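For reference, the chains in residue letters:
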Amino acid sequence: MNALEIKNLRVKLGEEEIIKGISFNIPEGIITALIGPNGAGKSILLKTIIGLFPYEGEIKIFNKDHREMLPLIGYLPQYYEVDSLLPLTVYEFLNFSCEDKKRIMEVLEEIDMEKYKNHPISKLSGGQRQRILFGRAILNNPKIVLLDEPMSEIDIVGQKEFYEIIKNLNKNFKITFIVVTHEITVVNSFADKVLCLNRNLICDGPVDELFQEEVLRKLYKREIFIYPFNKEIKDESS
Amino acid sequence: MNLPEIFSYTFFIKSLLISLWISLVFSILGIFVLIRRMSFFSDGLAHSIILSLALAFLFNQNFFYFALIGGFLFSCLIYFLEKKSKIYSDALIGLIFVFFLSLGLILMSQKAGYQPELLNFLVGNILSLNNFDFFFVLVVSFVILVFLILNFKKFSLVLTDKIEAKIRGINVDLYEFLFYILLGSTVVLGIKIAGVVLVTAFLILPPTIASLIATSYRGLLFFSIFFGLLNSFLGFLISGIYNFPISASISFVGSIFFFIFFVYQLLKK
């Protein structure tokens, strides 16, 4: 079954067409990397899936209109501004989204942040905050999780741990992940499928087939080299 | 007056109780006003109520009927214009409240003679509440309080993170609209007690003091209610003993608490 089906999707912001009639499917239980240059429409695509922008076309989640399926979606935004004056603990922040105390503690353990339970969220580092936002995205047992540049504030070691968490959740709970990323050198190591977006869909398929320098050249309109580094990570983790 | 003498007057106890009650509603709602940085909204709304006051005078009707309608209209106008126009919210509030206020003053000028009631509305006079006002404030604020408590987490999420609220299936537009209406109605209820000039202080002081002390959201709620009630109680006592205006005394006590904790915070750093 497809977790996500998109047909002839067009999204306009004012007069400008940001997404120009794209179609693709994402099967249930896989990890998809969504890559593309700045301004390609990646974040707009995720926000359209969660119902924030009007569109033309069709968006279906598990064969139903996406607006009916919002509670099955977890979402980690690209930017999250924390109100530094608001005394809100990590636990309270998660509790706004989920009443189940046991589940909150499970998630905090999963993301290795249980010791920060009573810590004000405004006092966390960027990386720690990303972890908490990721925790919130998986809190209500979603079937599909959209992550918009989740590694943007996380150091290299943290990134590897983060990818491991994503992989484990994907493996153990069959959660479908769509991850927007600029870290193209590590996509090979964690994604099953790649979508290349630059307003149009440039590529759509398994990483091995489509994650080629030639495709990247077409996507970014310049020379891109894939360093062997990513291969090492893949070998190590598999 | 001394303390035992103050508490021997029924009207004083009655006024103190209604003041404590309305402070409770204000201190909870004030947290959301603080989060959404809407203190100017409440200030603008309070000033725009002068139009309702003028109409109530001209038609010789109870202030609250006109004020609730006026507060509702002002809240709706700001809510929809913020969504539809490309003007900054504070500029919008400034423009609309000036329109309401100026029209109110023009209408007011048509009523001949000195209007002592006007001063009551500007600085508030809880002792001017008649039995109907008392009952009206109690019932409406009770409905607001119950609604706020039942939906506290939903409001918290909508006002801190609209996207997450939407994903969690909350009708964000509806809750935002309801928040504007609740805030508008609460400010209206507080005007006879706190006055146009000081009603925002009743709303903002308790959560602001609380935000200086609290280390959690629960703490923010607790201290906001605590200082809301304490400001009212001490303000009432000072007002009774020294014969000061009540709303000014309550606001003054709150301001003193604020400065104490503010300086404490500065020294702590």
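This write-up is about the structure you can find in this document. Quick caveat, the model's predicted, so the values are computed rather than measured.

1. Examining a nonpolar patch on the surface
Residues and elements named next belong to chain B. Judged by side-chain polarity, L3, F7, I13, L17, F233, I241, Y242 and F244 come together as a nonpolar surface patch covering roughly 710 Å² of accessible area. Broken down by secondary-structure element, the contributors of at least two residues to the nonpolar patch are α2 (10-35) and α12 (217-242). It is α12 that contributes the most residues to the nonpolar patch, three residues altogether. Along the chain, F233 falls in helix α12. On the basis of relative accessible area, F233 is assigned to the partly exposed category, the value being 31%.

2. Topic: the interface of chain A and chain B
Every contact between the two is made by 22 residues of chain A and, on the other side, 19 residues of chain B. It is A:L86, A:P87 and A:F96 in chain A that bury the most area against chain B; as a group they hold 32% of the surface buried on that side. The partner of A:R136 in a salt bridge is B:D161, and the shortest N-O contact between them spans 2.7 Å. In this assembly, chain A and chain B are joined by nine residue pairs in polar contact (both at pLDDT 80 or more). Elements represented by at least two residues in the side of chain A that touches chain B include exactly β6 (73-76) and α2 (90-95) of chain A.

3. Considerations on the packing of helix α3 (residues 39-58) of chain B against helix α4 (residues 63-84) of chain B
All names here are of chain B. Across the interface, α3 lies against α4 with an axial gap of 8 Å and an inter-helix angle of 135 degrees. When the interaxial angle is binned, α3 and α4 end up oblique. Here the hand of the crossing between α3 and α4 comes out right-handed. Each of F41, G44, L45, S48, I49, S52, L53, L55 and A56 in α3 lies in contact with α4, whose residues at this interface are F63, F66, A67, G70, G71, F74, S75 and I78. Residue classes in the contact of α3 with α4 are distributed as eleven nonpolar, six polar and no charged.

4. A closer look at the pattern of salt bridges
Residues and elements named next belong to chain A. Scanning the entire structure with this criterion turns up 17 salt bridges over all chains. In this structure, R10 engages E17 in a salt bridge whose closest nitrogen and oxygen atoms are separated by 3.0 Å. Owing to a relative accessible area of 22%, E17 belongs among the partly exposed residues under this scheme. The partner of E106 in a salt bridge is R103, with the nearest N and O atoms 3.1 Å apart.

The rules we used
Residues numbered from 1 in each chain as written. Chains lettered and ligands numbered in written order. Predicted model: local features only at pLDDT ≥ 70, side-chain atom pairs only at ≥ 80, totals over all residues. Heavy atoms only, no water. Patch = residues over 30% accessible without salt bridge, like charges linked within 9 Å, V, L, I, M, F, W, Y side chains within 5 Å. Areas by Shrake-Rupley, 256 points an atom, 1.4 Å probe, with all protein chains shown as cover. Salt bridge = Lys/Arg side-chain N within 4 Å of Asp/Glu carboxyl O. Helix = DSSP H or I, 4+ residues; strand = E, 2+ residues; numbered from the N terminus. Buried < 20%, exposed > 50% of the residue type's maximum accessible area, 1.4 Å probe, protein only. Contact = heavy atoms within 4.5 Å. Buried area = accessible area lost by both parts, 1.4 Å probe. Polar contact = N/O pair within 3.5 Å; in protein donor to acceptor, adjacent residues only side chain to side chain. Axes fitted to C-alpha atoms, helices over the stretch in contact; angles between N-to-C directions. Parallel < 35°, antiparallel > 145°, perpendicular 65-115°, else oblique. Left-handed = near helix turned anticlockwise from the far one by under 90°. Nonpolar A, V, L, I, M, F, W, Y, C, P; charged D, E, K, R; others polar.

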